2 protein chains.
Amino acid sequence: MAGGIGGRFWPVSSQECPKQFLDVLGCGKTLIQLTVDRFKELVPPENIWIVTSADYKKLIEEQLPEIPQENVLYEPCRRNTAPCICYVSWKIKKRNPRANVIVAPSDHIITDVKTFREGIAECMAFSAETDAIVTFGIRPSYPETGYGYIKADLSFSSSRQKNIFRVDSFKEKPTKEVAKEYVSQNNYYWNSGIFIWSVSTIVNAFRVYCPEISHIFEDIYSYYDTPQEQGMINQVFPQCESISIDYAIMEKAEEIFVYPSDFGWSDLGTWSSLRRMSRQDEYGNARIGENIDLYDTYNCIIHATQQKKVVVQGLDGYLVVEKDGTLLICKLSEEQRIKLFH
Amino acid sequence: MAGGIGGRFWPVSSQECPKQFLDVLGCGKTLIQLTVDRFKELVPPENIWIVTSADYKKLIEEQLPEIPQENVLYEPCRRNTAPCICYVSWKIKKRNPRANVIVAPSDHIITDVKTFREGIAECMAFSAETDAIVTFGIRPSYPETGYGYIKADLSFSSSRQKNIFRVDSFKEKPTKEVAKEYVSQNNYYWNSGIFIWSVSTIVNAFRVYCPEISHIFEDIYSYYDTPQEQGMINQVFPQCESISIDYAIMEKAEEIFVYPSDFGWSDLGTWSSLRRMSRQDEYGNARIGENIDLYDTYNCIIHATQQKKVVVQGLDGYLVVEKDGTLLICKLSEEQRIKLFH
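Residues numbered from 1 in each chain as written. Chains lettered and ligands numbered in written order. Predicted model: local features only at pLDDT ≥ 70, side-chain atom pairs only at ≥ 80, totals over all residues. Heavy atoms only, no water.

**Brief notes about unusual backbone geometry**
Residues and elements named next belong to chain A. In this structure, the amide linkage connecting tryptophan 10 to the following residue, proline 11, adopts the cis form with an omega of 0 degrees. Tracing the sequence through the fold places proline 11 in the segment before α1 (31-39). Not every positive phi belongs to a glycine, and asparagine 291 is a case in point at roughly 60 degrees. Relative to the helices and strands, asparagine 291 is located in the loop between β11 (286-288) and β12 (292-295). (Helix = DSSP H or I, 4+ residues; strand = E, 2+ residues; numbered from the N terminus.)

Spelled out as structure tokens, the structure:
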């Protein structure tokens, strides 16, 4: 899933080039390249599908030349995750009705890829043999209020896979108090937005729990892989309700499972989370860019990959970002206001 | 005098283009252009002389095309103000031995030009008829520790000019305590570094108080205005002691006068002084550049004339400067450390 527009990462991210297409970690690869890399040992490139906006066609071709063009699907407008997943599921079903599928956002990071791959392998073994919908739950390391949580029923694990548990309920983004309560218990996990299921399972789930969207993509089934496909999609996609997969399927379906894990995951939804996931100096500063000198500076994130030199003296808990002639300096504790600064 | 290298204004100022050649106020004119403009009503361009480094020949030609090339003198190395003034004084003396002279730095600002011109006129009337050396003293508006002070003997004013007083003594840059003491009295003035004298007075003063430097420029008198002049200067100038006009002449000579005035002067020696002299918003912020948005920000100076957009949230008492790919963020109270940041 690569359709996000990344407004919270302004001015580094922009609608023209949102964060999945940026090297926000300063590691030499963009987030979508890192995401594809993460799956390379498990999934050959011809089995990787990307759903994005037509605006990003050129970026996809530049950054992911190994992905076949016919595996890149273009949404004509943004309709959240459910229509995106429904469309690609029908496409995959047409190519291989017995496919086993991993759905993942293109702009998250995972630092412990080995543990992640082991988890994926366990979950796929499970989803291949069952009608299970499996979500990845992340053991919370602190009471984050920016994530949804999954409450697991730890008394009910799968007989096939000891590490996979039935979901009790999905929880909206909590207040700080509630988040602390969740973290203090041992059966609440961050909802990573990474899902595993067989294509037949998810298509059936759409038919049952979300028939309007399901019909839209089923009705044009005969146009898939024809020159008319994009034209039809452009016509019918806007008719879809804008709804997340969580609301459309997860919170309604039976047989939802969670695989609790801990592989250094972040949705990189905020500059604070990027600082947390980046390499920090001994004073808690994350520097992305060359030649960044810090004096008396603590707990900051400095992102300036185009500047020749940056000197910061006397800041604590700030973000400093420069890109393409736009400079932003803001307290990390106030970063939710960035959208108002554009 | 236009030979300074402006290290304290890094990264806006650099040795390649020091602050006198920059539009630090964001008013559309550089400091040296403002300085020349300030004298235009009093002095025709052919009577304006500039002493600078050969490195800045191109900048002078670009910024001050109206100044005759033969009036621009090039020092081969930096030797403080006394050799600079001695050289140009001999040059002026050769052209017009009865000349009346104003010496001024090229990188100061004066906000009340009308009052300044009135002062200049009074002082020139005085220096034309006497052997007086007149300095401009600025009534201190606060206890600045970065300036030298002039103590006036207010009981002894000139019979010709009631507003011109004999100097009691020159005072080095004081401590904060001493500066407060000076300001609490009514006869201490900031030493502006602006001087008025007749050319015969200053040449004689050099002969008496600073004979080594005087000899150097007197000995090559016959080369002035010949093709050999620059070659001779390049040879003899480095032999000069590096010494300020204050040490070389002012503190030794008799007949030193001060003209106390108040015309919104600053040597712009620090970012703090630039903030003080710039137009500020109601929260004490000075913005130099287009499209600078400030939120919860107080007492800052933001200098970013090349950036398309700057957003600052949550700073108090900082400078934020961007130029040519270099970004500096620093507490104004720590700006003396800027030299260490280059």
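**Concerning the relation of the copies chain A and chain B**
Mapping chain A onto chain B calls for a rotation angle of 180 degrees and an axial translation of 0.1 Å; the resulting RMSD is 0.0 Å. Both copies of the chain, as the preceding transformation shows, are related through a two-fold rotation axis. When the interface residues of chain A are mapped onto chain B, 100% of them again fall at the interface, so both copies present the same face. (Least-squares fit on C-alpha atoms with pLDDT ≥ 70 in both. Contact = heavy atoms within 4.5 Å.)

**Quick look at the pairing of strand β2 (residues 72-75) of chain B**
Residue and element names in this part refer to chain B. Residue alternation in β2 divides its side chains into two sets, Val72 and Tyr74 and Leu73 and Glu75, and both sets are buried. Inspection of the sheet shows strand β1 (residues 50-53) paired to β2 by 4 bridges, in the parallel sense. Bridge assignment links valine 51 to a residue of β2, and that residue is leucine 73. A crossover connection joins β1 to the parallel β2 through helix α2 (residues 57-63); in handedness this β-α-β unit is right-handed. (Buried < 20%, exposed > 50% of the residue type's maximum accessible area, 1.4 Å probe, protein only. Pairing = 2+ DSSP bridges. Right-handed = clockwise from strand over helix to strand, strands pointing away.)

**Details of the pairing of strand β16 (residues 326-331) of chain A**
In terms of residue burial, β16 of chain A counts as a mostly covered element, since 5 of its 6 residues are buried. In this sheet, strand β14 (residues 309-313) of chain B lies alongside β16 of chain A in parallel orientation, the contact comprising 4 bridges. Each residue of the ladder has a partner; that of isoleucine 329 of chain A, found in β14 of chain B, is valine 312 of chain B.

**A few points about the side chain of aspartate 267 of chain B**
All names here are of chain B. Take aspartate 267: it is sitting in the loop between β10 (265-266) and α10 (271-277). Put simply, aspartate 267 is tucked away with no salt bridge, and the nearest opposite charge, on arginine 8, sits 4.9 Å away. Reaching out from aspartate 267, the side chain makes a polar contact with the side chain of tyrosine 147 at a distance of 3.3 Å. A distance of 2.8 Å separates a polar atom in the side chain of aspartate 267 from the backbone nitrogen of glycine 269. Discounting residues that sit within four places of it in the chain, aspartate 267 has contacts with Lys19, Asp107, His108 and Tyr147. (Lys, Arg positive; Asp, Glu negative; His and termini not counted. Salt bridge = Lys/Arg side-chain N within 4 Å of Asp/Glu carboxyl O. Polar contact = N/O pair within 3.5 Å; in protein donor to acceptor, adjacent residues only side chain to side chain.)

**Some remarks on the packing of aromatic side chains**
All names here are of chain A. Evaluation of the coordinates by the stated rule reveals 44 aromatic pairs over all chains. Taken together, the ring pairs in this structure connect Tyr87, Trp90, Phe217, Tyr221, Tyr224 and Phe237 into an aromatic cluster. When the ring centre of tyrosine 221 is taken as origin, the NZ or CZ atom of lysine 94, which lies over that ring, is 4.9 Å away. (Phe/Tyr/Trp six-rings, centres within 6.5 Å; stacked < 30°, edge-to-face > 60°. Lys NZ or Arg CZ within 6 Å of the ring centre and 35° of its normal.)

**Some details on the interface of chain A and chain B**
Of the residues lining the interface, 28 residues belong to chain A; the matching set on chain B comes to 28 residues. Taken over both partners, the interface formed by chain A and chain B buries close to 2,400 Å², and the fraction arising from carbon and sulfur atoms is 53%. In terms of surface lost to chain B, no three residues of chain A exceed Gln313, Leu327 and Ile329 of chain A, which account for 27% of the buried area on that side. Counting every contact that joins chain A to chain B gives 2 salt bridges. Arginine 337 of chain B is the partner of aspartate 296 of chain A in a salt bridge, and the nearest nitrogen-oxygen pair spans 2.8 Å. Counting across the chain A and chain B interface gives 24 residue pairs in polar contact (both at pLDDT 80 or more). At the level of secondary structure, the elements contributing two or more residues to the side of chain A that touches chain B comprise β14 (309-313), β15 (318-323), β16 and α11 (338-341) of chain A. Counting residues per element, the side of chain A that touches chain B draws most heavily on β16 of chain A, which supplies 6 residues. Here the residues of the side of chain A that touches chain B are counted per class, giving 14 nonpolar, 6 polar and 8 charged. (Buried area = accessible area lost by both parts, 1.4 Å probe. Nonpolar A, V, L, I, M, F, W, Y, C, P; charged D, E, K, R; others polar.)

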